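# Fold and contact review
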Amino acid sequence: MIWALLALLGVPIWLVVGALTGALVSRRRFRGQDDVVALSFREHGESDWPRRVGYGRYVHDVLLVNSGLALVRTAIHVVELAERFELDEPPSKLDRPIAWTLTLDDGRRVDIAVSTDEAARLHIAAPSG
């Protein structure tokens, strides 16, 4: 009887451990790509930066931001205009951050901050109209 109980409890535990291991391996592999940088993302005008850092890449005029445990939640933002600005209160998780306000194709404005060391890999320039 005790073996049956242990078998019933053991299978779900191994499934959970396997899923977490897979998520962490996926996350590490994604973050290891050349053009992926840690960034902080907020709506323009908000006073606080989020505590969690997302990971993103800027491809042509599109900012892709991945978040979540395994970085599987992807937000796609088509950028019309990128403007640098000076930070009053930088995000705490980033080292000497540089910030941009991005005007998106739907008219929304968002702010992103990237550490100085990783900013060159983001390749943000004013999009060509």
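Everything discussed here concerns the structure shown above.
So, how was this worked out
- Residues numbered from 1 in each chain as written.
- Predicted model: local features only at pLDDT ≥ 70, side-chain atom pairs only at ≥ 80, totals over all residues.
- Heavy atoms only, no water.
- Pairing = 2+ DSSP bridges.
- Helix = DSSP H or I, 4+ residues; strand = E, 2+ residues; numbered from the N terminus.
- Axes fitted to C-alpha atoms, helices over the stretch in contact; angles between N-to-C directions.
- Buried < 20%, exposed > 50% of the residue type's maximum accessible area, 1.4 Å probe, protein only.

### Digging into the sheet that holds strand E2 (residues 54–59)
Pairing is antiparallel in the closed barrel, where six strands are placed in the order E1-E2-E3-E4-E5-E6. Neighbour-to-neighbour, the strand axes of this sheet turn through a mean angle of 45°, independent of strand direction. Pairing of strand E4 (residues 73–85) with strand E5 (residues 97–104) involves six bridges; the strand directions are antiparallel. Among the inter-strand pairings, Glu 83 is bridged to a residue of E5, identified as Thr 101.

### Some points on unusual backbone geometry
Of note, the phi angle at His 60 is positive, near 55°, even though the residue is not glycine. Given the relative accessible area of 71%, His 60 is considered exposed. The backbone of Arg 96 sits at a positive phi, close to 45°, despite the residue not being glycine. With respect to the element layout, Arg 96 can be found in the loop between E4 and E5.

### Some points on the pairing of E2
In terms of burial, E2 is largely enclosed, as five of its six residues are buried. Sheet topology places strand E1 (residues 37–43) next to E2; three bridges connect them, and they run antiparallel. Looking across to E2, one finds that Ala 38 is bridged to Tyr 55. Pairing analysis gives five bridges linking E2 to strand E3 (residues 62–67), with the strands arranged antiparallel. Along E3, the bridge assignment pairs Arg 57 with Leu 64. In textbook terms, the turn of a hairpin is the stretch between consecutive antiparallel strands, and for E2 and E3 this stretch comprises two residues, one of which, His 60, has a positive phi near 55°.

By themselves these figures say nothing about function.
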